[in-house]
Structures are given as C-alpha cells and as structure tokens.
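Fold and contact review
Residues per chain, in single letters:
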Amino acid sequence: MKSITFLIIILCAGLLMSCASVPPIELINARQAYQQASSGPAAQLVPADLHKAQEALALAEKSFQDDPKSFHTRDLAYIADRKAKTAEALATTAAGNAATTKANKEYQATQTEIVKNTKEDLATAERGSAIKSEQLAVEQKARLDAEQRASDAQLEAQRVKASTDAEAMLKDSTNAAAMKLAEQKSRDTLIVFEKGKTVVLRGINFDFNKATLTEDSETILWRAYNAMAANPDVHVVITGHTDNVGSQKSNQLLSLKRAQAVRNWLVQKGTLSSRMRTVGRGQNEPVSSNDTDEGRADNRRIEFYVQ
Amino acid sequence: MRHLNMILPAGIVLLTAVLAGCGSTQVINKDASMSAISAAEEAGASKVPSASLYLQLAKEELENAKGLVSKGDKDQAESMLLRAQADAELAIALSHGDADKTEAAQAIERVRQLRQDNQIPQKGISQ
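Bear in mind the structure is a predicted one, so any value in this text is a computation, not a measurement. (Residues numbered from 1 in each chain as written. Chains lettered and ligands numbered in written order. Predicted model: local features only at pLDDT ≥ 70, side-chain atom pairs only at ≥ 80, totals over all residues.)

A word on the overall build of chain B
Each helix and strand counted, chain B has four helices and zero strands in total. Across chain B, contacts joining residues at least 24 apart in sequence account for 64% of those joining residues at least 6 apart. (Helix = DSSP H or I, 4+ residues; strand = E, 2+ residues; numbered from the N terminus. Contact = placed C-beta atoms within 7 Å.)

Take a look at the structure:
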C-alpha cells in the first residue's frame with residue numbers, strides 16, 4: 001500500500017514537473033524566430049541586433065527556468081521574439097541597402113560604359129566620315145582635274161584650230177593675193193599679135209566633154225582681150241582643137257563650140273564680134289602625142305590666127 | 001501631550017511615506033514605448049501591411065500598460081511597456097525594410113532599363 005502511494009506521488013510529481021517544463025507559446029515562438037534570424041543574413045549583416053535578440057532569448061530562457069508560468073517569462077519571451085524578428089527585418093533592410101548601393105554602382109558603371117561606347121562609336125563614325133570626306137575630296141579633285149584637262153584640251157584644240165585657221169586664212173589670203181597679183185600680172189602681160197602668125201593660148205580649159213569655160217581660164221582670156229583691145233584693127237580666126245578622146249565627129253563639133261565660147265566671152269567683155277571668126281579642127285591637128293596626159297592637154301587648145 | 005507631540009510628526013512622516021509609496025507605484029516610464037510608437041508612425045508603419053500589425057499591437061499594449069498602472073500592477077505594466085516598445089521597434093524596422101526594399105527594386109530596375117535602352121547585355125542583378 002505504501003509503495004503504491006509512493007508511486008502515485010512520484011507520478012504526480014512527474015506530471016507536475018512535465019507540466020512545468022512545457023514552455024509558453026511566446027517562448028516557442030521566440031526560439032523559432034531566433035533560429036530563423038540566426039540562420040539568415042542577420043548574422044553577417046546585423047550581428048549586434050542578432051546578439052541583442054540572443055540576450056533577450058537567454059533572459060526569457062532563464063526566467064522560464066526560474067518561474068515558467070510567470071508573466072515575466074511570457075513577456076521576456078515575447079520581447080525576445082520581437083527582437084529576433086527585428087534583427088531579421090534589419091538584415092533585410094541592410095540587404096536592401098546593399099542591393100541599392102550595388103545597383104547604383106552598376107548604374108554608374110553602365111553609364112560609364114555607355115559613355116565609353118558612345119565615344120568609341122563617335123570616334124569610329126568620325127574616322128569613317130573623315131575617310132569618306134577624304135575619298136570624296138580625292139574624287140572631286142580627280143573630277144575637277146579631268147574637267148580642267150578636258151577644258152584645257154578643248155581650249156588647246158580651239159587655239160590650234162584658230163591658229164590653223166588663221167594660218168590657213170593667211171595662206172589663202174597670201175595665195176589669193178599672189179594669185180591675184182599673178183593674174184593681174186598675167187592679165188597685164190600683153191599678147192603680141194602679128195599678122196599672119198598664130199598665137200596658141202594654152203590654159204583655156206573647159207568642163208569635160210563640154211564647151212563651158214572654167215573660171216581659171218579667164219586670166220588667159222583677159223590677155224586675149226587686152227591684145228584685141230590693143231590692136232583694134234586686127235581680125236582673128238579663133239580655132240578650137242581637141243585630143244583624140246572621143247569620135248572624130250564629136251571632137252570636130254566640140255572644138256568648134258569651144259572656139260565659139262571663147263569668142264562669146266570676148267564679145268561679152270566688149271570685143272566686136274565682127275573681128276572674130278571661129279573654126280573647129282577637132283583632133284585633126286595635134287601638136288603633141290595623144291598617148292600621154294600631158295600630150296593630150298597640149299592638144300586641147302585655142303589658137304588665135306591673126307589676119 | 002508630550003507623547004502626542006512625538007507621535008504626530010512620526011505619524012505625518014509615516015503618512016507621507018505611505019502616500020509616497022502609493023504614488024511611486026503609479027509612476028512608470030512610458031517615454032521609451034511612446035517614443036518608439038511615434039517613430040514607427042513617422043516611418044509610415046501604418047501604411048506598410050507587415051508593419052501596421054505590430055504598430056497596432058504596440059498601441060494596444062501601451063493602453064494595457066496604462067490599465068495595469070491604474071490597477072496598481074506596476075511590474076506587469078512595465079513588462080507590458082517593454083512589449084509595446086519591442087513591437088514598435090519591429091514596426092519601424094519593417095517599415096524601413098519595406099522602403100529600402102522598394103528603393104533597391106527601383107534601383108535594379110533603373111539599371112535593367114538603362115541596359116535595355118542601350119542594348120547592353122544584362123548582368124546577374126539580384127536584390
């Protein structure tokens with residue numbers, strides 16, 4: 001009976017002791033809060049605040065050991081819980097500040113990088129622009145040089161042409177003057193008419209196979225005119241001759257027509273037609289060989305026979 | 001009469017001591033708790049959801065402490081004030097943490113936007 005009573009007493013004491021060792025909810029929360037805070041960044045970022053939480057928890061634990069059910073124990077545990085949470089919140093704040101600082105540094109670094117890249121891009125663009133400008137300048141210079149060369153060449157060509165033209169004009173002028181002088185001289189050279197003699201006038205030319213006088217024949221004709229004018233009493237027989245090219249009959253007629261053409265020219269200039277008679281001899285009286293050009297030219301002639 | 005003359009001052013002193021003793025039980029230091037609550041309000045704790053709860057608790061605990069003082073329970077009142085101070089300080093920390101977290105997020109976003117606008121590859125940015 002005694003042993004049963006002792007056992008009951010022991011059991012009750014154990015129950016009482018187990019009830020007394022059950023921590024209040026505030027202390028449980030405080031332990032968990034501190035465990036969470038100490039395992040996070042608070043230990044590194046806010047060690048002082050975490051230490052305060054640890055001290056508060058230690059006070060709560062001691063109070064729990066001394067007087068588990070007192071309001072002091074609950075309040076101390078409550079305060080320890082809040083301090084642990086505060087340490088965790090401060091750690092979060094510190095982490096946020098660190099992140100802000102890091103982000104601001106990155107922002108500045110990024111801005112620096114952008115400025116650097118912009119400067120490099122600008123420098124590259126400027127180099128490209130300079131090269132392009134240089135190329136454009138070279139091209140423009142080449143174009144201007146080409147234009148200048150073309151202009152110079154054109155001016156030179158014009159100058160040469162002008163010079164050539166001037167020389168040609170001078171030459172023509174000189175030739176014309178010389179010819180005119182020669183013509184005048186030739187024209188002024190008097191043909192001497194002697195009665196019973198025949199004067200051969202070479203250089204009186206006609207169009208091929210025609211009786212049309214060429215312009216260069218006039219010089220000779222003027223001489224004939226002057227001779228006729230100088231000897232107003234003289235009568236002449238104008239005789240035409242041809243080479244042997246063509247038929248006899250046609251040459252006969254052609255020589256007559258050419259003699260008539262000469263007489264007509266003289267009449268137009270003022271010589272009396274009655275002083276002139278025309279005859280055509282054709283190819284019958286050659287003075288040279290008809291086998292050569294020169295000979296045939298000699299044979300094509302006009303003769304003035306002075307009566 | 002002579003005893004009366006001796007007893008009267010002693011009674012006055014005793015009464016004064018009793019009154020003083022009763023008065024001292026009513027005087028507790030609420031300044032720390034009230035200052036912490038004011039600081040939490042200034043930090044904008046009422047606008048931060050996670051902090052507003054602890055601010056409210058601190059205020060309630062302050063009122064409880066006043067009630068305990070009026071009941072003459074000085075020890076529990078002081079303990080309650082410590083609770084109020086702890087809650088108010090937690091509200092302050094959470095308020096600052098929220099603001100700083102927002103500021104950090106904004107700073108990181110500025111960096112990300114700057115890199116995106118300038119076509120610069122993003123680095124590993126973490127809060």
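Let's talk about the sheet that holds strand β2 (residues 236-241) of chain A
Residues and elements named next belong to chain A. One open sheet holds the four strands; their spatial order is β1-β4-β2-β3, and the pairing between them is mixed. Of all the strands in the sheet, the pair left with one neighbour each is β1 (198-201) and β3 (276-282). Direction aside, the axes of adjacent strands within the sheet are offset by 25° on average. Summarising the sheet, β2 and strand β4 (residues 301-306) pair through six bridges and their orientation is antiparallel. Paired with V237 across the two strands is Y305, which belongs to β4. Together, β2, β3 and β4 form the strand contacts of helix α7 (residues 248-269), whose direction differs from that of β3 by roughly 155°. (Pairing = 2+ DSSP bridges. Axes fitted to C-alpha atoms, helices over the stretch in contact; angles between N-to-C directions.)

A word on the packing of helix α2 (residues 31-42) of chain B against helix α3 (residues 49-70) of chain B
Residue and element names in this part refer to chain B. Where α2 contacts α3, the two axes come as close as 10 Å, and the packing angle between them is 155°. Classified by the interaxial angle, the pair formed by α2 and α3 is roughly antiparallel. Every pair of crossing elements has a handedness; the one defined by α2 and α3 is left-handed. Between α2, through S33, M34, A36, I37, A40 and E41, and α3, the contact on the second element is made entirely by L55, A58, K59 and L62. Looking at the contact of α2 with α3 residue by residue, the class counts come to seven nonpolar, one polar and two charged. (Parallel < 35°, antiparallel > 145°, perpendicular 65-115°, else oblique. Left-handed = near helix turned anticlockwise from the far one by under 90°. Nonpolar A, V, L, I, M, F, W, Y, C, P; charged D, E, K, R; others polar.)

Considerations on unusual backbone geometry
The residue Q119(B) is not glycine, and still its phi comes out positive at about 55°. Within the element layout of this structure, Q119(B) appears in the segment after α4 (74-117).

A short note on the pairing of β4(A)
In this sheet, β4(A) lies alongside β1(A) in antiparallel orientation, the contact comprising four bridges. Across the sheet, residue V199(A) finds its bridge partner in β4(A), namely F304(A).

Focus on the confidence of the model for chain B
Residues and elements named next belong to chain B. Scored by pLDDT, chain B has a mean of 79; 75% of the residues are at 70 or more. Between residues 8-25, whose pLDDT stays under 50, and residues either more than four places distant or in other chains, the model counts two contacts. The ipTM value of the predicted complex is 0.74, and its pTM value is 0.51. (pLDDT = per-residue confidence, 0-100.)

A word on the interface of chain A and chain B
Where interface size is quoted, it is often the accessible area lost as the parts come together. With 24 residues of chain A at the contact, the number on the chain B side is 26 residues. Grouping the constituent residues of the side of chain A that touches chain B by class yields nine nonpolar, nine polar and six charged.

Notes on the nonpolar core
If you look at the biggest cluster of nonpolar residues, it comprises 55 residues, and the most contacted ones within it are A80(A), A40(B), A58(B) and A91(B). Those elements that place two or more of their residues in this core are α2 (25-39), α4 (47-66) and α5 (71-188) of chain A together with α2, α3 and α4 of chain B. At 16 residues, the largest contribution of residues to this core is made by α4(B). Aside from chain neighbours lying at most four places away, what touches A40(B) is A45(B), L55(B), A58(B), A88(B), A91(B), I92(B) and S95(B). Grouped together as the second largest cluster of nonpolar side chains are 16 residues, I204(A), L256(A), L266(A) and F304(A) included. (Core = buried A, V, L, I, M, F, W, Y, C linked by C-beta atoms within 7 Å. Buried ≥ 20, exposed ≤ 12 C-beta atoms within 10 Å, placed from the backbone.)

Let's talk about α2(B)
All names here are of chain B. With 12 residues, α2 should reach 16 Å at 1.5 Å per residue; the first-to-last C-alpha distance of 16 Å fits that figure. Among the residues of α2, those classed as buried are S33, A36, I37 and A40. Mapping the buried residues of α2 onto a view down its axis gives an arc of 100°, with all of them on the same face. In α2, the exposed residues that point more than 90 degrees away from the buried face are D31, S35, S38 and E42. (Expected span 1.5 Å × (residues − 1). Arc of directions from axis to C-beta.)

Things to note about the environment of A33(A)
Residue and element names in this part refer to chain A. Positionally, A33 belongs in helix α2. As for A33 and A87, which are separated by 54 residues in sequence, their C-alpha atoms are 9.7 Å apart. If we ignore the near neighbours within four places in the chain, the residues touching A33 are D81, A84 and K85.

So, the environment of F206(A)
Along the chain, F206(A) turns up in the loop between β1 and α6 (218-230). Sequence-distant contacts of F206(A), that is, excluding residues within four places in its chain, are made with A211(A), T212(A), L213(A), T214(A) and R258(A).

Some points on the packing of α2(B) against α4(B)
Residues and elements named next belong to chain B. Remark: α2 packs on α4, axes separated minimally by 8 Å, with the N-to-C direction vectors making an angle of 20°. One finds that α2 runs roughly parallel with respect to α4. As for the relative orientation of α2 and α4, their crossing is left-handed in sense. Residues A32, S33, A36, I37, A39 and A40 of α2 pack against L81, A84, Q85, A88, E89, A91, I92 and S95 of α4.

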